[in-house]
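# A look at the structure
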Amino acid sequence: MATFIDMFAGAGGFSEGFLQVEDGNRHFDFLLGSDINPACEVTHRMRYNEQLGLNTQFLTKDITDPDFIEELMERIMVNFGDVNIDVLTGGPPCQSFSLAGERRKNDKKDDLFSYYLKVIETLRPKYFVMENVHGILTKDNGRVKERILKEIRNIVDYDHLGEFVGKCESVPLQGDEFSIAVRVLRIWIEQHKSEVQRREDYLAVKKAVRTLELSQTQKAFMQKAILDNKTEIINHELRSFCLELSSAFVEAYRNNKDVAEDERNVVRQALSLIANQAELGRTARKVRQQINFCELKRSIYKERFDTITDNLDIGGIFEIAIRQCDYLYAVTESKEAKKVVRRTKLALGVLCEGVFDTMQRVMALLKGTNGYGEFQMLAEKVALYRVTGEQVLLASDYGVPQNRQRVIFVGCRNDQDIIGHIPKSVREDERVTVAEAIGDLDYIGIGDHPYDYDMAFSEEFARTKSGRLKRAVDGRPDENGLTFSEWSKKGRLNPDRFPKLARQNPVYTPANAVGELDPKSYKSAVLHNHETSRHNDEVQVRYALIRKYGDYHAAKQAEPDNPLLETKKRNYTVMFPDTQSMTITTMPDDYVHYSSDRSLTVREMARLQSFDDSFVFQGKRTTGGNRRKMETPQFTQVGNAVPPLMARAIAAEILRHIK
């Protein structure tokens, strides 16, 4: 049995897919899910704790919180002991990466993958999966993708790195580049040690605060004080190195008239800023917090705040300093000063390149020396994860009736097999269609909310081509299998592993947070989430027009003077029965049913995502306005989810390879 944790879990698409997979007597055990949205916790607890009877935990917390990792580790330890985490899954929110949306500077969601990688570095799973929208590959001309790959490679085993550096320090290799690179690696080792020590100190002080005889407000004050200072870590190795470089720079230009003092000071000041880069990062984070807290994203003040974070960016400081070194080298006549400038520029370049690239630099310098093979073996152990690059997956290739394109990065720990490809479940001509997925659910009327299937309608649907095609559980055509709609009703989880699932009907609660759960409000029924909007006559006729012409713009072009088409909303997508749907989003009225003049229900959208019907999306059905910032209604939970059948294919490939 392999364990997994689902970060940015949302409704639980990854979780559901991983629990479906079995390989002989091997399967995945779901330890914990985490998300910032309370409604997602309700959906998870009702599904995995109440319905399936698992001991799965859920952490509702912002991954950017300074104590997120500590609370995550504490939750794991208390509930599961000193357990190994085999797989970590997660899809950092994609709004700011999406090609369809506005890409906003200083959007809090833009950098969440860095926090996700920090969790990976701490838990060190055998495999991790990071999922995102296809637009991430082209964002900032591909620089975001390259940064992701670079940061994955910079997740290192610091014990082996320490051994590698210790061995390097005994090598009598001459030259500035080698000595600087080895020194910088020592700096990053010191940084890691300081972070680990700070985490231990924080937990110890937090525990001590609980035992003190203080009022609740006093305890809260102390807790906030230690939390505010938790990330204030001084890297003494970095400060010492920057001071040495700065002192050498000052000495080289003493009494030197070639360059004005202000021009020389640019580099010296940059070294001071680099030595204190952790504090710059803290300041930038606080500015970003204010941008989001004060809702400045479309404010006239936003540009001013963006300017602050731009100028605090450590990468920009490095760029300015390196350019200034080039300038000083060109205008300086003193050979000794030129040598110092050249060495300073080299040090700046090494400091900003990352642990993995610095280690590769050292390996290139060691090539041809005695014992090079031993260094190679150590270097392979230092790089904790290997990744072949991005993998672009199309959901319809995995039995999902939807052309949802996603990018995944599969990180493979250095003691595991590399996974560079997720095999497709179905061929292009075998893909599941919209009608196969939702054709049996179209017995519903406008403003209707049935809690059971219409058996007569289902029998009629079963006589159609879409209602007859048998498939295996993963979507492959199989004469001995079930139809897609039958799999949806029966469920794709193994009943032997989850016997509680078959003993009771699914349950719905209107609660939007765990604190609101009340068993008296639970509703047990065969079918949930199948409710249509109360479209008025005008909206129904508009939908009929859009269905007639295929989309809104075609309808508008054909009937430009039709008053029913005078609406602010333009992005209607008509479903077509014999093909796959477009990407399911969080907005229900974006879609027009292929044979009825209405939008889709939550259950129909869930079917198009490949969720089983027994999976109930809890809380509010929909919401609007400013409430969208704080609530996660059913439609949002569905639209943001990873399709379970696509997650199943990823999980199956990992389970086949995991050691």
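What counts and what doesn't
Residues numbered from 1 in each chain as written. Predicted model: local features only at pLDDT ≥ 70, side-chain atom pairs only at ≥ 80, totals over all residues. Heavy atoms only, no water. Helix = DSSP H or I, 4+ residues; strand = E, 2+ residues; numbered from the N terminus. Rg over C-alpha atoms; globule rule 2.2 N^0.38 Å. Contact = heavy atoms within 4.5 Å. Areas by Shrake-Rupley, 256 points an atom, 1.4 Å probe, with all protein chains shown as cover. Lys, Arg positive; Asp, Glu negative; His and termini not counted. Charge placed at Lys NZ, Arg CZ, Asp CG, Glu CD. Buried < 20%, exposed > 50% of the residue type's maximum accessible area, 1.4 Å probe, protein only. Arc of directions from axis to C-beta. Polar contact = N/O pair within 3.5 Å; in protein donor to acceptor, adjacent residues only side chain to side chain. Core = buried A, V, L, I, M, F, W, Y, C linked by side-chain atoms within 4.5 Å. Salt bridge = Lys/Arg side-chain N within 4 Å of Asp/Glu carboxyl O. Axes fitted to C-alpha atoms, helices over the stretch in contact; angles between N-to-C directions. Parallel < 35°, antiparallel > 145°, perpendicular 65-115°, else oblique. Left-handed = near helix turned anticlockwise from the far one by under 90°. Nonpolar A, V, L, I, M, F, W, Y, C, P; charged D, E, K, R; others polar. Expected span 1.5 Å × (residues − 1). Pairing = 2+ DSSP bridges. 1 Å grid on protein atoms, 1.4 Å probe; cavity = no way out; pocket = protein on both sides within 12 Å on 5 of 7 lines; lining within 4 Å. Points joined across faces, edges and corners; volume = space filled by probe spheres on them. Phe/Tyr/Trp six-rings, centres within 6.5 Å; stacked < 30°, edge-to-face > 60°. Lys NZ or Arg CZ within 6 Å of the ring centre and 35° of its normal. pLDDT = per-residue confidence, 0-100.

## Let's talk about the overall build of the chain
Tallying secondary structure elements over the chain gives 25 helices and 13 strands in all. Relative to the compact-globule value of 26 Å for 659 residues, the chain shows a C-alpha radius of gyration of 29 Å, a close match. Along the first, second and third principal axes, the C-alpha set of the chain runs to 95 × 60 × 60 Å. A fraction of 74% describes how many contacts in the chain between residues 6 or more apart in sequence connect residues 24 or more apart. Entry remark: accessible area of the chain is about 30,700 Å², with carbon and sulfur atoms responsible for 49%. When the 94 basic and 97 acidic side-chain charges of the chain are each reduced to a single mean position, those positions are 2 Å apart.

## Here's the deal with helix α6 (residues 158-168)
Those residues of α6 not exposed but buried are Tyr 158, Leu 161, Phe 164, Val 165 and Cys 168. Around the axis of α6, the buried residues are gathered within 110 degrees of arc, so they sit on the same side. Elements that come into contact with the buried residues of α6 comprise α4 (112-123), α7 (176-211), α15 (355-366) and α16 (372-382). If you check the start of α6, you find a side-chain oxygen 3.1 Å away from the backbone N of Asp 159, and it comes from Asp 157.

## Things to note about unusual backbone geometry
Notably, Phe 8 is not glycine yet its phi reads approximately 50 degrees, a positive angle. With a relative accessible area of 18%, Phe 8 lands in the buried category. With phi around 50 degrees, Arg 124 is a residue other than glycine that occupies positive phi space. Mapped onto the elements of the fold, Arg 124 is located in the loop between α4 and β6 (127-133). We classify Arg 124 as partly exposed; its relative accessible area is 32%.

## Brief notes about the nonpolar core
By size, the foremost hydrophobic cluster in this structure holds 58 residues, and its most contacted members are Phe 28 and Ile 654. Beyond its immediate stretch of four places on either side in the chain, Phe 28 contacts Ala 2, Phe 4, Phe 18, Leu 19, Val 21, Val 87, Arg 497, Ala 651, Ile 654 and Leu 655. Counting 54 residues, the second largest nonpolar core, distinct from the first, contains Ile 187, Phe 241, Phe 318 and Val 341.

## So, the side chain of Arg 621
Looking at where Arg 621 falls in the secondary structure, it is placed in the loop between α23 (602-609) and α24 (634-640). Although Arg 621 is buried, it forms no salt bridge, and the closest oppositely charged side chain is Glu 531 at an N-O distance of 4.0 Å. Those residues within four positions of Arg 621 in sequence are excluded, and the remaining contacts are Glu 531, Thr 532, Ser 533, Val 602, Pro 633, Gln 634 and Phe 635.

## As for the packing of α4 against helix α5 (residues 143-153)
Running from N to C, α4 and α5 point in directions that differ by 15 degrees, and their axes come no closer than 11 Å. One finds that α4 runs roughly parallel with respect to α5. Classified by chirality, the crossing of α5 by α4 is right-handed. Facing Phe 113, Ser 114 and Leu 117 of α4, the residues of α5 in contact are Arg 147, Ile 148, Glu 151 and Ile 152. Partitioning the contact of α4 with α5 into residue classes produces four nonpolar, one polar and two charged.

## Structural notes on helix α9 (residues 236-252)
Here α9 contains 17 residues, and its C-alpha end-to-end distance of 24 Å stays within 8% of the 24 Å for a straight helix at 1.5 Å per residue. Residues Leu 238, Phe 241, Cys 242, Leu 245, Ser 246, Phe 249 and Ala 252 constitute the buried set of α9. End-on view of α9: buried residues confined to an arc of 130 degrees, all on one side of the axis. Residues of α9 that are exposed and angled more than 90 degrees away from the buried face: His 236 and Leu 243. Along its buried surface, α9 packs onto α7, α10 (261-275), α11 (277-293), α13 (314-331) and α14 (335-351).

## Notes on the pairing of strand β3 (residues 26-35)
Within β3, eight of the 10 residues are buried, leaving the element largely enclosed by the surrounding structure. Relative to β3, strand β1 (residues 2-7) runs parallel, the two sharing five bridges. Following the sheet pairing, Thr 3 is matched in β3 by Asp 29. Relative to β3, strand β2 (residues 22-23) is paired through two bridges, and the arrangement is antiparallel.

## Side note on the layout of surface pockets
Within this model, the second largest pocket holds a volume of roughly 820 Å³. If you trace the second largest pocket, you find 30 residues lining it, with Met 73, Thr 122, Leu 123, Arg 124 and Arg 199 closest to the centre. At the level of secondary structure, the elements contributing two or more residues to the lining of the second largest pocket comprise α3 (68-80), α4, α6 and α7. Looking at the lining of the second largest pocket residue by residue, the classes come out as 12 nonpolar, four polar and 14 charged.

## Looking at the packing of aromatic side chains
Applying the stated criterion to the full structure yields 16 aromatic pairs. Centroid distance Phe 18 to Phe 28: 4.8 Å. Interplanar angle 55 degrees. Geometry classified as tilted. In this pair, Phe 18 sits in helix α1 (residues 13-20) while Phe 28 sits in strand β3, placing the two residues 10 residues apart along the sequence. Under the relative-accessibility criterion, Phe 18 is labelled buried at 0%. One cation-aromatic arrangement involves Arg 492 over Phe 484; the distance from NZ or CZ to the ring centre is 4.8 Å. Over the ring of Tyr 451 we find Lys 523, and its NZ or CZ is 4.4 Å from the ring centre.

## Quick word on the pattern of salt bridges
In the structure shown here, the tally under the stated rule is 50 salt bridges. In this structure, Asp 86 engages Lys 126 in a salt bridge whose closest nitrogen and oxygen atoms are separated by 3.3 Å. With a gap of 40 residues between them, Asp 86 in the loop between α3 and β5 (87-90) and Lys 126 in the loop between α4 and β6 connect regions that are remote in the sequence. Taking relative accessible area as the criterion, Asp 86 reaches 8% and is therefore assigned buried. Across the pair Arg 361 and Glu 353 runs a salt bridge whose closest N-O atoms are separated by 2.9 Å. Glu 353 gets classed as buried once you look at its relative accessible area, which sits at 12%. By sharing partners, the salt bridges in this structure join Lys 61, Asp 65, Asp 67 and Glu 71 into a single network.

## A look at the confidence of the model for the chain
Across the chain, pLDDT averages 91, with 96% of residues at or above 70. Scored below 50 in pLDDT, residues 95-103 shows 27 contacts in the model against residues more than four places distant or in partner chains.

## So, empty space enclosed by the protein
On inspection of all chains with the given rule, the structure shows two cavities of 30 Å³ or more. Of the pockets and cavities examined, the second largest cavity occupies roughly 40 Å³. Lining the second largest cavity, in full, are His 44, Arg 45, Tyr 48, Asn 49, Thr 56, Gln 57 and Phe 58. At the level of elements, α2 (38-51) and β4 (57-60) are the ones that each hand at least two residues to the lining of the second largest cavity. For the lining of the second largest cavity, the element with the highest residue contribution is α2, accounting for four residues. Class assignment of the residues belonging to the lining of the second largest cavity gives a composition of two nonpolar, four polar and one charged.

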